[in-house]
Structure formats: C-alpha cells, structure tokens
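# Structural description and commentary
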Amino acid sequence: MQSTPLHSPTRQLRYSLPAIAALALSAASLCADPASELIREARAVDCKYCACGAFDRADAIGLYERALEANPTPEQRLDVLWRLARLHGENLVPGTGQTLDLQQASTYCEAIMGLCKDDGKIRREAALAAAKYANADRRFLAAMRYYNAAIAIPADPESTRRTIGALARTARILDASLLVAAMEHLIATHDSKETKAQAMVHLRLADADLWSLPKDFAR
Amino acid sequence: MTATPSSTRSYRAMALLAMAGCAFVSVASAGPADTADPAAPSVELVDEIAGKLLAGLESCRKLGTQAVLDLIDDDLPGLPGSDQQPKRGKVRVPSATTRVDALSLFREYAVEFDRAAKDGTPRTLSPELAGKFAAATRTVCEKGRLARAGILGEGTARVAELCFVLPLLAMPDSQWSAANTKSLPAWMTDGKGLPALERFALCAGRPLTAWSLASAREKAKPPGRVAYLCGATDELLEAGELGAARLTSTAGAEIAEAAGDSGTAAKLHLKTARAFADAGHAEKAIKHLRAVALRFPQLPECATISAGLARHLYDDDQVASARDLARDCLDGRRCGDRKAEFLYLHWLACRRLGETGNADASAREFLAAFPEHAWAADIHLVSGMRAFADGNDDEANRAFKLIRTTFPDARAARRLSEFRNRLTRLELITVDAETGLWRRTE
C-alpha cells in the first residue's frame, strides 16, 4: 500500500508529538498539584458533591486532610477547611450514624478565621460556626469567646442583634452575673450604638437579685 | 393559689387571736392552780373562750358594745364598774392590783371601739378582728351566767376582765389616756402572759402599750421607750407585721424627735419607709422620706434620710433618680458617714443604666476609700467576671483570689463559689488545689 502523506511515518510522528507533549504536561501538572487531585478524590466521596450512596465521611476527611498538607492554593485551603469543619461538626447525612468531633470542627473554623484576616464576612461566619459547634459540645466559655469575636466584626444590625442574643444565652447558662459581665464588657469596649443598645437590653433582663442593694444598705 | 391582701390580713388576725388565746390560757390556768380553788376555771374553759374568739365573727358584728354592757349589767354584776351589785355575790374580782377596772375602761372606750369595729379605720385592727374580740366579750358574759350561778370561781372573773380589756387594745394608743395605758400591766399580776400580751399589743398597733407591758416584764431594768420601739420595729419588720412595724416606728420617731434625738428619729423614719416598701407601697416610702427630709436639713440626719430615699427610689426602678440623688450627695458633701452607701448605689445604678464609665469611676473611688468594706467584694466580683468574660484570666484570678481571701463571708464570695462549682461540674475549668487559681480546660 502506497503511503499517503497523512500516513507517512514522518507525518505520524509530527501529529503524535503534541499529544505526547500534552500528556506529559498533564502528568507533570498532576505531579505539581497533588492537592487538586486529592480534593477531586475527596469530593468523590463528600456528600456535598457526590451521590448519597457514595458518601464516605472518613475517607472524605482523610483526603481533605491530606490535601491540606499538599500545599493547596489559599482558595483551595479555605474550601477544604470549611468542608472539614462541616464534616466534623454536622450530621450531614442523617442515618449514617457518624460520630461528630465538635472540638475539631471548631478548630477548623479557627483556622478559617486565621486564614481570612482581611475578610470580615468570612471570619464572622467562621466564628459563628465555631460558636455553634462549641455550644453543641457544651464548651460554653469557648462559645462565648467565638461570639465575642463575631460581634467584634461589623455586621448588619439584625446579625449583631442575633449574635449578642446568642452570647447572652450562652453566658446565662453558666451564671447570670457572667451574662451581666459579658454585656458590660460589650458596652465598655464597643463604639457601635447598635451593640451597646442590644447589650443594654440583655443587661436589663438579667436576674433582679444581681441588681439588689445589700440588705444592710440604708438601714 | 396566692393569698390576697384581705386573706393575708385574716390569717394574721387568726394568729393574733391565737396569741391572745395563749394569754388567756397562761393567766387563767396559773391563778386557780395556785389557790387550789375547787371552782377554778379549767384550761378547757379558757380554750373554749379562745376558740370562740376565732369563731364568732358574724355574730359579733351584730353585737355592739351597748349590748355587751346590757349583758354585763344583767349577767355579770359584781365586776368593778358594773352598775349593779352581784345578786348572789359569787363573783369576786381581784381589783387590789389594778388601778383601773375593766368595766370602767370598757365603758370609757366603748363608743370608739364600736366605731372602729364597724369602720375598720386605718389606725385600728381590721373590723373582722375587732368584731371577733367583741364576740369574746359576749362569750365571757355568757360564762358570767355560770359564774353567777356559782359554777365557776374567781379565775373566770380574771379572764372576763381580760376579755373586756383586750379588745380595747385594738384602738390606738392615742385614743387612750396615758394613765390608763400605764396601768394596763397591772392586769397581769403574775406576769406569765406579759410577753404574749406585749406581742399582741404591738400587732394591734399599740406600741406604747407594748412598751408599758415590756417595762412591767423587765421590772429590774425597764427599756427606754425609744430603744424599745426601735427594737420592736425591727422584730415586726422581720416577722412581716408591716402595719404594726410602721405604727411602732412612727411612735418611736415622734418621741425621739420630741426629745431632740434626731439621729434616732431619722433611723426610725427609715424603718417606717421600709415598712411601707415591704408592704408593696414604694411610692409611700418615697413620699414619707421626702416629707421627712425637710425636717432634717443638717448632717448626719439628712444623709441618713437621703440614703434611705435613694434606696427606695432605686428599688422602685427609679434608677436614674437614685443615681442623681447619690451623685448630688457625693458632690455636695452631704454624705456624712454614708459615703460608702452613696458610692455603692451610684456604682450599681450606673451599671444598671449601662453607664459603665461612670460606674467604673465610682468603683475606683469606693475601693480607694473603703477597701475593706464588705460591699467592695461585689465590685471585685464584677470586675473579675468582666475580665473572665473577656478571656483575661489572669486579671479575673486576681479579683477572685481577693474575694476568697479578704471577703470569705461576703455574698460575692458565695456567688463566686457557686459559679466556680458550676464551671468545674461542666469541666470548663480546673481549680488549682493549692493556689485556688482557675484554669480553663480548653
């Protein structure tokens, strides 16, 4: 058979070279970005991205944790930290009987807060999530710390109101005087009128005996 | 179910009557036993009289004192003051020890007593209570028939006399002559019933009568009038006998003021205000002290009255007014020896109003001036709690340690201890056994 230019060995080689180069490049890029590959693998078993049947929490967590160690980009790191926090802290697929690790979830939220020092919105969101996990874990002092961190970041009045309310409720679980102290601390350290006003509301609702004069006063 | 004011009053009336009943028992049972009179009235009889005291409300309301007098004349002749002589001479009345006889008193105060029983004027006991006493007199008159028939002896007459006189205690001291009040203890020759009668007189709003009885009881060392009324007011306030406490403190204050003892008078006015406030009439307490303040323009009394006024304003949720009054007294050097009170109240009121800056300034001033004062523990607790809430555990531990070591009996120490126990139970902190310092577990 007469060889056509297309089928000539020279030509074949010429056409194969880009494919080989692409393959080599692709392999090289894969080797250079193991984080992406690990994230891809993790998503294959993470219920947010896969079908419920494929969900494997332990595998997802393991792969995401490996991805964190594989030098991910800041965006990838943020995304992975959120997924790890939620996988540790929330029962994402009811009925799977997973054991939560609320403290670990809070730790990942703290990592997010450290990562996004310039992004108040994300930092606030992470602080509130951390507070939620700490409250669920009955680590009320830690929850108060996270709520305070969230309140320190400017937000819309409604969010601030809800966060101060959550702080007041958490402090109240421990002691009414701690609630008062927390609210007084807000009033003393915040410039926002909204924050002061909300703190005052909770201050007024504090137990009456905290405001009572000593029995021997003016007797 | 919560007790209404009227039901509370009637419970109190029952208690009073029970006390009066005790007085009858102790008097009547002691006398005849000593004389071994075969016709002596039994304890059962006296119990019955006391029982009638409790039971005779409706019937006695229909019975005025004139009817009682008619009964006396008809059925109990022989008692001192009776218009008629005893028909059979069986009732002998031991009148030697008394300077005023029961029926004379009864006649003297009958009209006013009737009015009080029907109207229940504020300075008397409730109409119900007064009516019950009227029932008691009727009961005694009925028993008098037995006495006249010779069934009962001289003890009955003593009980009868008491029953005539006790109801009259429901009328205020001011409506009695001083001589009659003074002679009252003579009714209780054996003295065993005096404490009960004294208590009864206090609850009946007869503080001077109570003092008279107390003096008879403590013959060796009779109490001074004002000192007695001060102490009695405190006891009544603690017992929740607020109306009686108010009458007692008012009587004491009047006497003290008349004697020029304005310091004691001012303190008694504070007690009067407390009686109003404890009864749920904060506005009356405030009004009373505002009126009284005009009579005490000088230190230290003006500071005493102002401190009381500030307290009642604060307790009545007039926090800003209380704060302003405290500030005025502090700025105008009208604190006298009550600077600690004004500073403390200013601190508390400012905190309650959300004025943390002013509160902190007052706290610093208080701690500088009164570092050892028991109330300083409250300030340390608040500053420690605020530091703890802020996560500043070192500062919190410093404040908490100060409370533990310097003010172990203060209410702040108790509250701190409860808080610590709660946190350790939740495993949120550990406490170093040696230093007592708190450490968060997380």
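Residues numbered from 1 in each chain as written. Chains lettered and ligands numbered in written order. Predicted model: local features only at pLDDT ≥ 70, side-chain atom pairs only at ≥ 80, totals over all residues.

Here the focus is the nonpolar core. In summary, soluble globular proteins display a tendency toward joint burial of nonpolar side chains. Within the largest apolar cluster, 139 residues are counted, with the highest numbers of intra-cluster contacts made by Cys-109, Ala-131, Tyr-146 and Ala-182 of chain A together with Ile-403 of chain B. No other element matches helix 7 (residues 140–151) of chain A, which puts ten residues into this core. Both domains that meet at this core, namely domain 1 (1–184 + 194–202) and domain 2 (373–442) of chain B, each give it at least three residues. (Core = buried A, V, L, I, M, F, W, Y, C linked by C-beta atoms within 7 Å. Buried ≥ 20, exposed ≤ 12 C-beta atoms within 10 Å, placed from the backbone. Helix = DSSP H or I, 4+ residues; strand = E, 2+ residues; numbered from the N terminus. Domains from an automatic or database assignment.)

Quick look at the interface of chain B and chain A now. Size of an interface: often given as the accessible area lost when the parts come together. Contacts between the two partners involve 29 residues from chain B and, on the opposite side, 27 residues from chain A. When residues of the side of chain B that touches chain A are traced back to their parent elements, those giving at least two are helix 15 (301–315), helix 17 (339–352), helix 19 (376–389) and helix 21 (411–425) of chain B. Element by element, the count of residues in the side of chain B that touches chain A is highest for helix 19 of chain B, at six residues. (Contact = placed C-beta atoms within 7 Å.)

This part is about the confidence of the model for chain B. Regions with low pLDDT carry predicted coordinates that are not meant to be interpreted in detail. Residue and element names in this part refer to chain B. When pLDDT is averaged across chain B, the result is 72; 58% of the residues are at 70 or more. No element of chain B has a lower mean pLDDT than helix 3 (residues 57–61), at 34, and none a higher one than helix 17, at 95. Here residues 120–126 is a poorly scored stretch, pLDDT under 50, and it has 16 contacts once near neighbours within four places are set aside; other chains count. This model gives residues 149–156 a pLDDT under 50, and the stretch forms 25 contacts once residues within four places in sequence are excluded. This complex was scored by the predictor with a pTM of 0.67 and an ipTM of 0.73. (pLDDT = per-residue confidence, 0-100.)

All names here are of chain B. The geometry of helix 15 relative to helix 17 is characterised by a closest axis approach of 10 Å and an angle of 20° between their N-to-C directions. Classed by the angle they form, the pair helix 15 and helix 17 counts as roughly parallel. Handedness of the crossing formed by helix 15 with helix 17: left-handed. The residues of helix 17 that touch helix 15, namely those facing Ala-307, Ala-310 and Tyr-314, are Glu-341, Phe-342, Leu-345 and Ala-349. For the contact of helix 15 with helix 17, the per-class residue count stands at six nonpolar, no polar and one charged. (Axes fitted to C-alpha atoms, helices over the stretch in contact; angles between N-to-C directions. Parallel < 35°, antiparallel > 145°, perpendicular 65-115°, else oblique. Left-handed = near helix turned anticlockwise from the far one by under 90°. Nonpolar A, V, L, I, M, F, W, Y, C, P; charged D, E, K, R; others polar.)

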